[in-house]
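# Summary of the model geometry
So the chains spell out like this:
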Amino acid sequence: MTPGAALAGPDGVPRCPWALSTEDYVAYHDEEWGRPVHGDDALFERLSLEAFQSGLSWITVLRRRPGFRAAFAGFRIAAVAAFTDEDRERLLADPGIIRNRAKIDATLANARALAEWSPGELDALVWSHAPDPAGRPVPKTLADVPAVTPESTALAKALKKRGLRFVGPTTAYALMQACGLVDDHLADCAARGRRPGA
C-alpha cells in the first residue's frame, strides 16, 4: 500500500484518504469537493469559509456551515454588505460560528467590496485563474497535492488588489480545489474527473 494513496472505505469505494476520517468528510468529498461552483454568492460563501478555516481543521468549519449560513444571511453578498455594527456584535457572540474577530471583519469588508462589483465579476475573476488541466500531473498520493500554485498566488493577488482580505495563496488554492478549478482527487479516487450529476 502506497502511503497517502487512495483508500477503500467500508463501502469498498476508493477515496482520497482525508475523506475517510468522518462521515461528514465522506459526504463532502463525494458530493461537493472538486465539483465546479459558479455564482458570485456561492463563491463568496466558499471564499469566506476557506478564510475561516485558516489555521483550523476543515471539519471544524464544515460542521458549522449551517450556523455560518444562518449567521451570514446565506452568504448573499448584498445582504452581508448591509450588516450593521449590531450585526457584527451578534456575529462575535454567535456560538454557531467561529468567533474570530479578524475573520468576521474580513468577511464583512469583503462583502462590502464585492457589492461594488458588477454581477458575475467575482465568478469571472475566480474562474479566469483556473489552470489548464492538461498541464497538471494527476496526483497519485497526498504528497503530490500542492498547497500553493502560481495560479493561486495570482488569484490571491488579484483579489487583494480589488480590496478583499484574508485571501492569501493557500486560501486561494483551497478555494480552487473546493470549487472545481482544479481536480485534486487522487488518481485512484472514484471521484476523480467526476462532474456535477456524475
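Cut-offs used in this document
- Residues numbered from 1 in each chain as written.
- Predicted model: local features only at pLDDT ≥ 70, side-chain atom pairs only at ≥ 80, totals over all residues.
- Heavy atoms only, no water.
- Helix = DSSP H or I, 4+ residues; strand = E, 2+ residues; numbered from the N terminus.
- Buried < 20%, exposed > 50% of the residue type's maximum accessible area, 1.4 Å probe, protein only.
- Polar contact = N/O pair within 3.5 Å; in protein donor to acceptor, adjacent residues only side chain to side chain.
- Contact = heavy atoms within 4.5 Å.
- Axes fitted to C-alpha atoms, helices over the stretch in contact; angles between N-to-C directions.
- Parallel < 35°, antiparallel > 145°, perpendicular 65-115°, else oblique.
- Nonpolar A, V, L, I, M, F, W, Y, C, P; charged D, E, K, R; others polar.
- Salt bridge = Lys/Arg side-chain N within 4 Å of Asp/Glu carboxyl O.
- Phe/Tyr/Trp six-rings, centres within 6.5 Å; stacked < 30°, edge-to-face > 60°.

On to the side chain of Asp183. Secondary-structure assignment places Asp183 in the segment after α9 (169-178). Relative accessible area serves as the criterion here: at 14%, Asp183 is assigned to the buried category. Reaching out from Asp183, the side chain makes a polar contact with the backbone nitrogen of Gly193 at a distance of 2.7 Å. Setting aside anything within four residues of it in sequence, one finds Asp183 in contact with Pro139, Arg192 and Gly193.

For the pair helix α1 (residues 23-31) and helix α3 (residues 58-71), interaxial distance at closest approach is 11 Å and the crossing angle is 85 degrees. Classified by the interaxial angle, the pair formed by α1 and α3 is roughly perpendicular. Across from Asp24, Tyr25 and Tyr28 in α1, the residues of α3 making contact are Trp58, Ile59, Leu62 and Arg63. Of the residues belonging to the contact of α1 with α3, the class tally is five nonpolar, no polar and two charged.

Trans peptide bonds make up most of the peptide bonds, and negative phi angles are found at most residues other than glycine. Positive phi is not limited to glycine here, since Phe75 has a value of about 60 degrees. Topologically, Phe75 is positioned in the loop between α3 and α4 (77-81). On the accessibility criterion, Phe75 (0% relative accessible area) is buried. Residues other than glycine seldom take positive phi values, yet Phe166 does so here, at roughly 60 degrees. Structurally, Phe166 is set in the loop between α8 (150-161) and α9. Residue classification places Phe166 among the partly exposed residues on the basis of a relative accessible area of 32%.

We now examine the pattern of salt bridges. Going through the model one piece at a time under the given rule, you end up with twelve salt bridges. Here Arg15 ties to Asp11 by a salt bridge, and the two come within 2.8 Å at their closest N and O atoms. Owing to a relative accessible area of 48%, Asp11 belongs among the partly exposed residues under this scheme. For Glu32, the salt bridge identified is with Arg46, shortest N-O distance 3.1 Å. Highlighted residues: Glu32 in the loop between α1 and α2 (40-53) and Arg46 in helix α2, separated in sequence by 14 residues.

Here the focus is the environment of Ile104. Along the chain, Ile104 falls in helix α6 (residues 101-114). On a C-alpha basis, the gap between Ile104 and Trp127 in space is 25 Å, while along the polypeptide they are 23 residues apart. Setting aside its immediate chain neighbours within four residues, Ile104 contacts Phe52, Leu91, Leu92, Ile97, Ile98 and Arg99.

Looking now at the packing of aromatic side chains. Under the defined criterion, the tally for this structure stands at ten aromatic pairs. Note on Phe52 and Phe68: the rings are 4.7 Å apart at their centroids and 55 degrees apart in plane angle, and the pair reads as tilted. In this pair, Phe52 sits in helix α2 while Phe68 sits in helix α3, placing the two residues 16 residues apart along the sequence. Looking at Phe52, the relative accessible area reads 0%, which means it is buried. A connected cluster of aromatic rings, assembled from ring pairs, spans Phe44, Phe52, Phe68, Phe72, Phe75 and Phe83.

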